[in-house]
Amino acid sequence: MTRIDFFLTFLMIVCLYSAIRGGQPERRAVIILVVGIVLTILAPAPSIERFTHPEVGILIVDLAMLSAFVMLALYAERYWTLWICSMQVIQVLSHIPIMLIPELLPQAYYITAAIWAYPMLIVLTVGTYRHQQRLQQYGVDRSWSDFSTSPT
């Protein structure tokens, strides 16, 4: 199994779990992640030039995902959303080294830009599990903050 196969399998398992067992914030995070990853797959430069210069398409996708996660964190009644936002900020900042050091190895840029997807999926899994625990313990788990105008 290649690392891409492993990641896609891990992504599918986490997204299915969160979509089925999670609340509205978890389901919205699944949508953000899946759309972001699909767009990230489509965004890079042609293969011979891939990760040899700043990947503007992937940076734009990362910024859009960050915006979506920030909106989710502002309205959701969940702490895990702050962790996801923090990791996505690091994901966006990972594009800076290639801008400052053009001779950076493409593999180092690729790994730095891609590695944060794994902890983000782990955080989403833990958030979904904690949602289930709160449902069992209290019978209810609010999805949105009191000041939120986000539709359910």
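Our structure is the block above this text.
Residues numbered from 1 in each chain as written. Predicted model: local features only at pLDDT ≥ 70, side-chain atom pairs only at ≥ 80, totals over all residues. Heavy atoms only, no water.

**A short note on a nonpolar patch on the surface**
Our working rule: For patches, a residue must show more than 30% relative accessible area and have no salt bridge; joins then use 9 Å for like charges and 5 Å for nonpolar side chains, namely Val, Leu, Ile, Met, Phe, Trp and Tyr. A 1.4 Å probe and the Shrake-Rupley method give the accessible areas. Residues count as covered only by the protein chains that appear here. We define a salt bridge as a contact between a side-chain nitrogen of Lys or Arg and a carboxyl oxygen of Asp or Glu at a distance within 4 Å. Numbering of helices and strands runs from the N terminus; a helix is a DSSP stretch of H or I covering at least four residues, while a strand is a stretch of E covering at least two.
Side chains of I4, L8, I31, V34, V35, V38, L39, I41 and L42 sit close together on the surface and give an oily, nonpolar patch of about 810 Å² of accessible area. Among the secondary structure elements, those contributing two or more residues to the nonpolar patch are α1 (3-21) and α2 (24-42). Considering each element in turn, the nonpolar patch owes the most residues, seven residues, to α2.

**Here we look at the pattern of salt bridges**
Going by this rule: A 1.4 Å probe rolled over the protein chains alone gives each residue an accessible area, and that area as a share of the maximum for its type sets the label: buried under 20%, exposed over 50%, partly exposed in between.
Within this structure, the stated rule accounts for four salt bridges. Here D141 and R134 are joined by a salt bridge, their closest N and O atoms 2.9 Å apart. Its relative accessible area of 13% is what places D141 among the buried residues. Linked by salt bridges that have partners in common, E26, R78, R134 and D141 make up one network.

**Some thoughts on the packing of aromatic side chains**
Our working definition: Side-chain rings of Phe, Tyr and Trp, where Trp is taken by its six-membered ring, are said to pair if the distance between their centres is within 6.5 Å; with planes under 30 degrees apart they count as stacked, over 60 as edge-to-face, and otherwise as tilted.
Applying the stated criterion across every chain, the model contains four aromatic pairs. With a centroid separation of 6.1 Å and 15° between ring planes, the pair formed by F6 and F10 is classed as stacked. Of the two residues, F6 and F10 are both situated in helix α1; the distance of four residues between them amounts to about one turn of the helix. What makes F6 partly exposed here is its relative accessible area of 44%. Among the aromatic side chains, those forming a connected cluster through ring pairs are F6, F7, F10 and Y118.

**What to know about the state of the cysteines**
Stated formally: Two cysteine sulfurs form what is called a disulfide whenever their separation falls within 2.5 Å.
For the structure shown, the criterion picks out zero disulfides. In this model C15 remains outside any disulfide bridge; the closest cysteine sulfur is found in C85, 17 Å from its own. Judged by relative accessible area, C85 falls into the buried class, the value being 10%.

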